[in-house]
Amino acid sequence: MKMMKKAIPVLACAMLLAGGHAWSQEPPAPAESLPEPLPVCRLDPRDSGKLLEEPCRPAPPVRPRRSVAQVIGRMPAQVTPPVVPMAPLPPSPAVPMPRAPQPIGACDTGGCRDASGARYNGAGNATLDANGRICHRNGAFVQCF
């Protein structure tokens, strides 16, 4: 523990000296002062996804940019179309409500009969009644829609 107490100030001093050395270094020279300036970036005419020469520097601006105030204009007023009166629709025919499920009496390969003797033609759960309405068989009951 005593050894550690002595080592901490020594390490702190070493870090400060090393950090001061890093700050005293000169910044890197700009690209313009290099003996050979980099070429301006251009696209390869054979493959537009690649540069002609690498490394390269961006091209200088054609004109200096200037600041411009952003103007946001209002949308023009829209003219509402005139209201056209609609003729009333004729009354629609009444849609029959589905009946209560009917118990199935007997079934054969062509369909089933309910307890009152009405025939439901078709195989499986989807059948048709005598009026051509779609009926659904669910266990011992059939209901038409």
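Residues numbered from 1 in each chain as written. Predicted model: local features only at pLDDT ≥ 70, side-chain atom pairs only at ≥ 80, totals over all residues. Heavy atoms only, no water.

1. What to know about the overall build of the protein
Okay, step 1: In terms of helices and strands, the protein carries 1 helix and 6 strands.
Okay, step 2: In the protein, the order of α-helices and β-strands from amino to carboxyl end is α-β-β-β-β-β-β.
Okay, step 3: Expressed as a percentage of contacts within the protein between residues at least 6 apart in sequence, the contacts between residues at least 24 apart total 21%.
Okay, step 4: Just so you have it, the protein exposes about 13,600 Å², and 64% of that area is on carbon and sulfur atoms. (Helix = DSSP H or I, 4+ residues; strand = E, 2+ residues; numbered from the N terminus. Contact = heavy atoms within 4.5 Å. Areas by Shrake-Rupley, 256 points an atom, 1.4 Å probe, with all protein chains shown as cover.)

2. Re the state of the cysteines
Okay, step 1: Under the counting rule described, the total for this entry stands at 3 disulfides.
Okay, step 2: One disulfide bridge connects Cys107 with Cys112, the sulfur atoms lying 2.0 Å from each other. Negative torsions about the S-S bond denote left-handed disulfides, and the value of about 105 degrees found for Cys107 with Cys112 makes this one right-handed.
Okay, step 3: What makes Cys112 buried here is its relative accessible area of 6%.
Okay, step 4: Across the disulfide, Cys135 is cross-linked to Cys144 (sulfur-sulfur distance 1.9 Å). Looking down the S-S bond of the Cys135 and Cys144 bridge, the torsion is 95 degrees, so its handedness is right-handed.
Okay, step 5: Each bonded cysteine in the protein gets a number by its place in the sequence, and the pairs come out as 1-2, 3-4, 5-6. (Disulfide = S-S within 2.5 Å. Buried < 20%, exposed > 50% of the residue type's maximum accessible area, 1.4 Å probe, protein only.)

3. Some remarks on unusual backbone geometry
Okay, step 1: Residues Glu54 and Pro55 are joined by a peptide bond in cis, for which omega reads -10 degrees.
Okay, step 2: Position of Pro55 relative to the elements: it lies in the loop between helix H1 (2-23) and strand S1 (102-108).

4. Things to note about the pattern of salt bridges
Okay, step 1: Inspection of every chain in the model, using the stated rule, returns 3 salt bridges.
Okay, step 2: Asp44 is paired through a salt bridge with Arg46; the nearest N and O atoms lie 3.8 Å apart.
Okay, step 3: Between Arg119 and Asp108 there is a salt bridge, and its shortest N-O distance comes to 3.1 Å. Placement of Arg119 in strand S3 (residues 119-121) and of Asp108 in strand S1 is noted, with a sequence separation of 11 residues between them.
Okay, step 4: With a relative accessible area of 23%, Arg119 lands in the partly exposed category.
Okay, step 5: Owing to a relative accessible area of 48%, Asp108 belongs among the partly exposed residues under this scheme. (Salt bridge = Lys/Arg side-chain N within 4 Å of Asp/Glu carboxyl O.)

5. A word on the nonpolar core
Okay, step 1: Judged by nonpolar contacts, Ile104, Cys112, Tyr120, Cys135, Val142 and Cys144 together constitute the single largest core of 6 residues.
Okay, step 2: Those residues within four positions of Cys112 in sequence are excluded, and the remaining contacts are Ile104, Ala106, Cys107, Ala118, Arg119, Tyr120 and Arg137. (Core = buried A, V, L, I, M, F, W, Y, C linked by side-chain atoms within 4.5 Å.)

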